Amino acid sequence: MYNFSIEISDKIANDFESKLKTATTLGINNIEVVDKINGISLHQMNGKQLEEIRDLLIDYGKRIVLYTTYLDVNDKESFNLLFRRALTLNVKGIKIVPKENDDISFVSKLSKTYGIPLLIENNADSFIKDETALKDVIADKNAYVIFNPFEIVRTQRHPFFHAYYTSKIKNNISFLRINDGLYNTHEPIMLYHGCAEVKELASIMLSRSFDGYFSFTPYLPDMTLEQYKECIDTFKKQLKNM
């Protein structure tokens, strides 16, 4: 019915199999990976290591829906290897973190060639801090958006009323981060105790037939398994009331 995805922090589960077990405990089958799997970046894996990860995904009935890389977009050789290995693992999307004035056209071409969508996320500390910057970066690049409402809060704006409602990125959003935070201190806080307007965002996105992912990440400092569970349960209860 709805698509949930999750990034399990290293503090909760250090190795990849433990992360898959934790995801099973939380009832989520779509996995997000940031840069390394068992300490190795995807583009650096050899054939045996890649097969071990593939076998684990099959054994646990999981799939990687988002892989985040911090590779320099000019490192063409590494990006070629990354996409090739991502295809082997049936990765559904690759997030890049470009610098201002980076030309992402080569990575965009790889995305089209391999059929793996490219994703960009807003971050208050980067040049991609809002919906306007997101639109500019993804324009004509076969790229999609990871919309992070807490990062909008950190720019002193309302994620729903200011950033989403009048934006031109609505049809390009593939992931909605499920998080929350405060305007006055810019601190993250438990879901629905802050100003991120996740309820409003999820509601209007579903009314527009959103078929992307509601993404749970360790956005709280030292986020515990119990806090993951609380966020997921709270969001599910809200969905039932929509």
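Quantities reported herein were computed from a predicted structural model and do not represent experimental measurements.

Trainee: Residue-level account of helix α9 (residues 225-240), with values.
Mentor: Relative to the 22 Å expected for 16 residues at 1.5 Å per residue, α9 spans 23 Å between its end C-alpha atoms, a close match to the ideal helical length. Listed in full, the buried residues belonging to α9 are Tyr228, Cys231, Ile232, Phe235, Gln238 and Leu239. When α9 is viewed along its axis, its buried side chains cluster within an angular range of 130 degrees and face the same direction. Along α9, the residues that are exposed and aim more than 90 degrees away from the buried face are Glu226, Lys237 and Lys240.

Trainee: Account for the packing of helix α1 (residues 16-26) against helix α2 (residues 47-60), naming residues and giving values.
Mentor: Axis separation between α1 and α2 bottoms out at 10 Å; the angle between their running directions is 20 degrees. Here α2 runs roughly parallel to α1, going by the angle between their axes. Of the two possible hands of crossing, α1 and α2 adopt the one that is right-handed. Contacts between α1 and α2 involve Phe16, Glu17, Leu20, Lys21 and Thr24 on the former and, on the latter, Ile53, Leu56, Leu57 and Tyr60. Partitioned by chemical class, the residues of the contact of α1 with α2 number six nonpolar, one polar and two charged.

Trainee: Could you give me a rundown of α1, with the residues and numbers involved?
Mentor: Along α1, the residues classified as buried are Phe16, Lys19, Leu20, Thr22, Ala23 and Leu26. For α1, the buried positions fall inside an angular range of 160 degrees around the axis, keeping them on one side. Packing partners of the buried residues in α1 comprise β1 (3-6), β2 (30-34), β3 (36-37), α2, β5 (63-68) and α9. The N-terminus of α1 is capped by Asp15, whose side-chain oxygen sits 3.3 Å from the backbone nitrogen of Glu17.

Trainee: Tell me about the environment of Ile31, and please be specific about residues and values.
Mentor: Tracing the sequence through the fold places Ile31 in strand β2. Distance in space between the C-alpha atoms of Ile31 and Tyr192 is 24 Å, their sequence separation being 161 residues. Contact partners of Ile31, with chain neighbours within four places excluded, come to Ile6, Leu20, Ala23, Lys62, Arg63, Ile64, Val65 and Leu66.

Trainee: Describe the environment of Lys240, naming the residues involved and giving the relevant values.
Mentor: Considering the arrangement of structural elements, one finds Lys240 in helix α9. We classify Lys240 as exposed; its relative accessible area is 69%. Between the C-alpha atom of Lys240 and that of Ile31, which follows or precedes it by 209 residues, the distance is 23 Å.

Trainee: How would you explain the packing of aromatic side chains if you had to name every residue and give the values?
Mentor: Evaluation of the coordinates by the stated rule reveals 14 aromatic pairs. Centre to centre, the rings of Phe4 and Phe235 are 6.3 Å apart; their planes meet at 85 degrees, and the pair counts as edge-to-face. With Phe4 in strand β1 and Phe235 in helix α9, this pair connects stretches of sequence that are 231 residues apart. Of the residues examined, Phe4 reaches a relative accessible area of 15% and is grouped as buried. Measuring from ring centre to ring centre gives 6.4 Å for Phe160 and Tyr164, while their planes differ by 15 degrees; the resulting arrangement is stacked. Of the two residues, Phe160 and Tyr164 both sit in helix α7 (residues 159-164), four residues apart, roughly one turn of that helix. In terms of burial, Phe160 and Tyr164 fall into one category: buried. Chaining the aromatic ring pairs together yields one cluster made of Tyr2, Phe4, Phe210, Phe214, Phe216 and Phe235. The ring of Phe106 carries Lys76 above its face, with NZ or CZ at 5.1 Å from the centroid. Above the face of the Tyr164 ring, Lys170 is positioned so that its terminal group lies 5.5 Å from the ring centre.

Reading guide: rules and limits
- Residues numbered from 1 in each chain as written.
- Predicted model: local features only at pLDDT ≥ 70, side-chain atom pairs only at ≥ 80, totals over all residues.
- Heavy atoms only, no water.
- Helix = DSSP H or I, 4+ residues; strand = E, 2+ residues; numbered from the N terminus.
- Expected span 1.5 Å × (residues − 1).
- Buried < 20%, exposed > 50% of the residue type's maximum accessible area, 1.4 Å probe, protein only.
- Arc of directions from axis to C-beta.
- Axes fitted to C-alpha atoms, helices over the stretch in contact; angles between N-to-C directions.
- Parallel < 35°, antiparallel > 145°, perpendicular 65-115°, else oblique.
- Left-handed = near helix turned anticlockwise from the far one by under 90°.
- Contact = heavy atoms within 4.5 Å.
- Nonpolar A, V, L, I, M, F, W, Y, C, P; charged D, E, K, R; others polar.
- Polar contact = N/O pair within 3.5 Å; in protein donor to acceptor, adjacent residues only side chain to side chain.
- Phe/Tyr/Trp six-rings, centres within 6.5 Å; stacked < 30°, edge-to-face > 60°.
- Lys NZ or Arg CZ within 6 Å of the ring centre and 35° of its normal.

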